[in-house]
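# Report on the structure
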Amino acid sequence: MSSPTQAVEVDGDKLMQFVFRAVEEVGATLNSALVVMGDKLGLYRALAGSGGLTPAELAERSGTAERYVREWLNAQAAGGYVSYDPDSGRYTLPPEQTVALTEPDSPAYLPGLFQTALGSVIDSPKIADKARSGAGFGWHEHVHDVHEGCERFFRPGYNAHLVQEWLPALEGVVEKLDAGALAADVGCGHGASTILMAQSYPSSTFVGSDYHDGSIATARERAESAGVADRVSFQVAPASAYSGSGYDLVTMFDCLHDMGDPVSAARHVRSTLKPDGTWMIVEPNAGDRVEDNFNPVGRTFYGFSTLLCTPASLSQEVGLALGAQAGEARIRDVVEAGGFTRFRRAAETPFNLVYEARP
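To start, this report covers the structure provided alongside it. (Residues numbered from 1 in each chain as written. Predicted model: local features only at pLDDT ≥ 70, side-chain atom pairs only at ≥ 80, totals over all residues. Heavy atoms only, no water.)

### Side note on the pattern of salt bridges
How we decide: Basic side-chain nitrogens of Lys or Arg form a salt bridge, by our definition, when they fall within 4 Å of a carboxyl oxygen of Asp or Glu. Secondary structure counts use DSSP, requiring at least four H or I residues in a row for a helix and at least two E residues in a row for a strand, with both numbered from the N terminus. Buried residues are those whose accessible area, probed at 1.4 Å on protein chains only, stays under 20% of the maximum for their type, while exposed residues exceed 50% and partly exposed ones sit between those limits.
The final tally for this structure, using the stated rule, is 20 salt bridges. The salt bridge involving Arg299 is made with Glu25; its shortest N-O contact spans 2.5 Å. Here Glu25 lies in helix α1 (residues 12–40) and Arg299 lies in helix α12 (residues 296–314), a separation of 274 residues in the sequence. Arg332 is the salt-bridge partner of Glu336, the closest N and O atoms lying 3.7 Å from each other. Note that Glu336 and Arg332 are positioned in helix α13 (residues 328–337) at a spacing of four residues, about one turn of the helix. For Arg332, a relative accessible area of 29% corresponds to the partly exposed category. In the salt-bridge network here, residues are joined through shared partners; they are Arg21, Glu25 and Arg299.

Structural data, given as structure tokens:
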């Protein structure tokens, strides 16, 4: 027998606090589109170092319509992205925001993150349909903003940390790369990490792989432009079937948790490594307990995990769906199930954890 529903007393003050918080979040959602708009139209770059511009001046500098620019500026000022001087009617991009919004080589560069978020929101109705049945939605099915945005967001972090901190944190790897090693970069996407390593270690040879043919086509173009195509090759292949063997180093950047069958991928890595080889796994920063991740970074990654990572895994065989906040313990389980006997956390940043696995 069902029990009668009991009335629940609502605290009016708490209700309105939540309503205003929700309104703020709607503004933040809209701001993702506005940041991408400002990036694509060159509005931030035109504001940078200008000393302050009126809407008309910014429109003229950026080749845009003043009426759109005025509303965009007011939205940015209301959100604290630009500052406004009511006496002069000018808007200024503060130096900190200038770094975060206009300097692509800075590890604090953010437009790619917003672009990925916008692409995820655009695709969200399709993900909602999949959630009814539990079916997956492949990486290749997402809009271009997801692919381009991810590379633009992760690349500055790789540029800042990969060669300077992450690789040196691995036992004996830098020495091998300096002497001339064979390395595989699995799930390489547009090849940013592969090309960076090739530029940093000219004596070594690198093989990038990804199951998404569009990303591999971009990676090949980037390698040619970077002048490293003689030592870098790219192949379209899943993580459990990339070609080659005798690798000194295998890397995976922010992709293991996206795989349908990460254990099979781990076994394949193990089979392609030299006996003294190293597998470097870079994953989103996450604690092992759900509550460990109740913070701004964890919230963002859980959001991406719902719209990108989990659907990607579910679209593949097995569909283990580790999620973007898998945590160290679950990654360790995958690595050990793949036949590795040594596993440790080698380095970390606010956004990433770096693991070293050895046979």
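### As for the side chain of Arg231
Rule in force here: Only four residue types enter the charge count: Lys and Arg as positive, Asp and Glu as negative, with His and the chain ends excluded. Two residues form a contact once any of their heavy atoms are found within 4.5 Å.
With respect to the helices and strands, the residue Arg231 is situated in the loop between α10 (213–226) and β5 (232–236). Although Arg231 is buried, it forms no salt bridge, and the closest oppositely charged side chain is Asp230 at an N-O distance of 4.4 Å. Those residues in contact with Arg231 that sit more than four places away from it in its chain are Ala198, Gln199, Tyr201, Pro202, Ser204, Thr205 and Phe206.

### Re the packing of aromatic side chains
Cut-off, in case you're wondering: Aromatic pairs are defined between Phe, Tyr and Trp rings, using the six-membered ring for Trp, whenever the two ring centres lie within 6.5 Å; interplanar angles under 30 degrees are classed as stacked, those over 60 as edge-to-face, and all others as tilted.
What the rule picks out here adds up to eleven aromatic pairs. Consider the rings of Tyr242 and Tyr247, whose centres lie 6.2 Å apart with planes at 55 degrees: the pair is tilted. Residue Tyr242 shares its accessibility class with Tyr247, and that shared class is buried. When the centroid spacing of 5.1 Å and the interplanar angle of 40 degrees are considered together, the rings of Trp279 and Phe340 count as tilted. Of this pair, Trp279 sits in strand β7 (residues 273–284) while Phe340 sits in the loop between α13 and β8 (342–348); the two residues are 61 residues apart in sequence, bridging distant segments of the chain. Note on accessibility: Trp279 and Phe340 belong to one class, buried. What links up through ring pairs into an aromatic cluster is the set Phe153, Phe154, Tyr158, Trp166, Phe253 and Phe351.

### Brief notes about the nonpolar core
The cut-off we apply is this: Buried Ala, Val, Leu, Ile, Met, Phe, Trp, Tyr and Cys residues that are joined via side-chain atoms within 4.5 Å together make up what is termed a nonpolar core.
Residues Trp166, Leu167 and Met280 are the most contacted members of the largest nonpolar core, which totals 41 residues. The element contributing the most residues to this core is helix α7 (residues 144–166), with seven residues. Leu167 has contacts with Leu162, Val173, Val174, Leu177, Met197, Tyr201, Leu249 and Met280, leaving out every residue within four places of it along the chain. Residues Val250, Leu273, Val335 and Leu353 belong to the second largest nonpolar core, which totals 29 residues.

### As for the environment of Gly227
Position of Gly227 relative to the elements: it lies in the loop between α10 and β5. When its relative accessible area of 55% is taken as the criterion, Gly227 is described as exposed. In this structure, the C-alpha to C-alpha distance between Gly227 and Ala198, residues 29 residues apart in sequence, is 9.7 Å.

### Topic: a nonpolar patch on the surface
What counts is decided by this rule: Residues enter patches when they are more than 30% accessible in relative terms and free of salt bridges; like-charged ones are connected within 9 Å and nonpolar ones (Val, Leu, Ile, Met, Phe, Trp, Tyr) within 5 Å. Computed with a 1.4 Å probe, the accessible areas rest on the Shrake-Rupley method; for each residue, only the protein chains presented here act as cover.
On the surface, Val10, Leu15, Met16, Val19, Phe20 and Val23 cluster together into a nonpolar patch covering about 570 Å² of accessible area. When you line up the elements, Val23 lands in helix α1. On the accessibility criterion, Val23 (52% relative accessible area) is exposed.

### Some remarks on the environment of Ala48
With respect to the helices and strands, Ala48 occurs in the loop between α2 (43–47) and α3 (55–62). Given a relative accessible area of 25%, Ala48 falls into the partly exposed group. The spatial distance from the C-alpha of Ala48 to the C-alpha of Ser124 is 33 Å, given a sequence separation of 76 residues. When sequence neighbours within four positions are dropped, the list of residues in contact with Ala48 reads Leu93, Thr98 and Thr102.

By themselves, these are just geometric observations and shouldn't be taken as functional.
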